[in-house]
Amino acid sequence: MNSNWLRTIVPLAALAVLAPASALAIANSSKDPSGKPNGMDPVYGVCRGVDPDCYHDWGTERDNKVLVYSRTAGPRHANLGRVLDPDNASVQGLGLPRPYVITNNHSDPAAWPRPLDASNVAQAALVRMLQDDGIEVHITEDVQAIERLNSSYKAVIFMSPTRDTLWNHARGAQGGTRLDWARESLRKYIQGGGGFVGVHNAFGTEYGWQWYEGLLGNANYYNHGRNQPGDVVIVNDRDVSTRGLPRRWGFSDEWYNLVPYPTNVNFLATVDERTLADGAGGEGSHPGHGDFHPVTWCQYYDGGRSWVTTLGHDAAAFQENSASPGAAEFQTHLEHGIKSAMGNEPFCTPARRK
């Protein structure tokens, strides 16, 4: 059956129930039935997919730096550690300067009234992985930093934010307006050729904002089973974020189930559901994705680059020299995914044609 023909008649939400081979063929196709490159997505109203023509190369000069955003407006993953959000009640008494962005000497209390400490495992890991290659890493949980987001950054990394992370609740409590200013700033940043990296609970934030769902690849978090070991399987070994990794490696995570299921993306890695002792879903709930359960993919979106992974639940996955199975592979995968979204390395290389 012709996958391009399927794509024109099957609603996007229904792709979650397609046979995995069909879903893969659809997602990796770069042509519509007329033979033209992917253009405007009818659902999200943007140019998105695997076609580099969707990227806005406007010649913008950017500094070799990234902004890591980990604000949690709901449950908080343990690997994020203590709160850095100036609007959080536990931090307000410190009188942090706004927007509060930790730009260097990240753990130095003499430099920052609220520095990173040993609990901020995921943020510190990103500093370590990228700083060694001369990449400046800025850390923030201040929504005002996203409101003022500018093109000097090569990429923005959403490190497991939660719920309405881009909503300025404090301004609303004071009777202010433009509570969603950060949304507008993120969208314009991407439209100007910026890079986006979404890690783990980047899929558990900004529910209901359709543009953001598209940024994730027409995908969103639905549920997960328990945190358990399983096998990550590389399905595209040509991309810089997968090159050199074992075809299969053990790892522990929550293995997110997705509704909707990602489409028109370049799938990079999956989880083999047969290796999950408790299965991928719960009784009476989402059954999992069967033979093709994606965990990492990339795409061009509305002028920018987007590299996303549902992996990254455990603190051990981010620790240096971690004894946790698959931690080294995950960190390599993530590091090169970030560098590709920045434009420092080739982005979203297609898989080999079969």
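Quick look at the structure, then. (Residues numbered from 1 in each chain as written. Predicted model: local features only at pLDDT ≥ 70, side-chain atom pairs only at ≥ 80, totals over all residues. Heavy atoms only, no water.)

### Considerations on the overall build of the chain
Across its full length, the chain holds eight helices and 13 strands. Long-range contacts, defined as pairs at least 24 residues apart, comprise 74% of the intrachain contacts of the chain with a sequence gap of at least 6. Carbon and sulfur atoms make up 49% of the accessible area of the chain, which totals about 14200 Å². (Helix = DSSP H or I, 4+ residues; strand = E, 2+ residues; numbered from the N terminus. Contact = heavy atoms within 4.5 Å. Areas by Shrake-Rupley, 256 points an atom, 1.4 Å probe, with all protein chains shown as cover.)

### What about the pattern of salt bridges?
Following the criterion strictly, the structure yields 18 salt bridges and no others. Of the charged contacts in the structure, one is a salt bridge between R48 and D41, with a shortest N-O distance of 2.7 Å. For the pair R48 and D41, a shared accessibility class is recorded, and that class is buried. Two residues, D272 and R248, come together in a salt bridge whose shortest N-O distance is 2.9 Å. (Salt bridge = Lys/Arg side-chain N within 4 Å of Asp/Glu carboxyl O. Buried < 20%, exposed > 50% of the residue type's maximum accessible area, 1.4 Å probe, protein only.)

### Concerning the state of the cysteines
Scanning the entire structure with this criterion turns up two disulfides. Covalently, C47 is tied to C54 through a disulfide, its sulfur atoms 2.1 Å apart. Around the S-S axis, the bridge from C47 to C54 shows a dihedral of about -70° and counts as left-handed. C54 sits in the buried class, given a relative accessible area of 1%. Sulfur-sulfur distance for the disulfide between C298 and C348 comes to 2.1 Å. A torsion of 95° about the S-S bond marks the disulfide between C298 and C348 as right-handed. A residue pair is termed long-range when its members are at least 10 positions apart, and C298 in strand β12 (residues 293–301) and C348 in the segment after α8 (327–342) qualify at 50 residues. For the pair formed by C298 and C348, the shared burial category is buried. (Disulfide = S-S within 2.5 Å.)

### Examining the packing of aromatic side chains
This model, assessed by the stated rule, comprises 19 aromatic pairs. When the ring of W209 is compared with that of Y212, the centres are 6.1 Å apart and the planes differ by 10°; the resulting orientation is stacked. Given a relative accessible area of 1%, Y212 falls into the buried group. Three or more aromatic residues link up through ring pairs in this structure, and these residues are Y69, F158, F196, W209, W211, Y212 and Y301. Seen from the ring of Y153, K65 lies directly overhead, with NZ or CZ sitting 4.6 Å from the centre. (Phe/Tyr/Trp six-rings, centres within 6.5 Å; stacked < 30°, edge-to-face > 60°. Lys NZ or Arg CZ within 6 Å of the ring centre and 35° of its normal.)

### Some points on the side chain of K154
Locating K154 in the fold gives a position in the loop between α4 (143–147) and β5 (155–159). Although K154 is buried, it forms no salt bridge, and the closest oppositely charged side chain is E61 at an N-O distance of 8.2 Å. Within the structure, the side chain of K154 is placed 2.8 Å from the side chain of N344, a separation counted as a polar contact. Setting aside residues up to four positions removed in sequence, K154 forms contacts with R62, D63, N64, K65, Y189, G194, G195, A341, M342 and N344. (Lys, Arg positive; Asp, Glu negative; His and termini not counted. Polar contact = N/O pair within 3.5 Å; in protein donor to acceptor, adjacent residues only side chain to side chain.)

### Considering the pairing of strand β2 (residues 65–69)
Counted residue by residue, β2 has five buried out of five residues, so it is predominantly covered. Of the two faces of β2, the one holding K65, L67 and Y69 and the one holding V66 and V68 are both buried throughout. Judged from the five bridges that link them, β2 and strand β4 (residues 136–140) form a sheet pairing that is parallel. Across the sheet, the residue bridging to V66 is V137, located in β4. With four bridges joining them, β2 and β5 adopt parallel strand pairing. In the sheet register, L67 faces β5, and the bridge partner there is V156. (Pairing = 2+ DSSP bridges.)

### What to know about the pairing of strand β11 (residues 266–272)
Here β11 lies mainly inside the structure; seven of its seven residues are buried. As judged from the four bridges shared by strand β8 (residues 228–234) and β11, these two strands associate in the antiparallel manner. Bridge pairing links D231 to D272 in β11. Pairing between β11 and β12: five bridges, direction antiparallel. Counterpart to T270 in the pairing with β12 is P294.

Geometric values such as these leave the question of function open.
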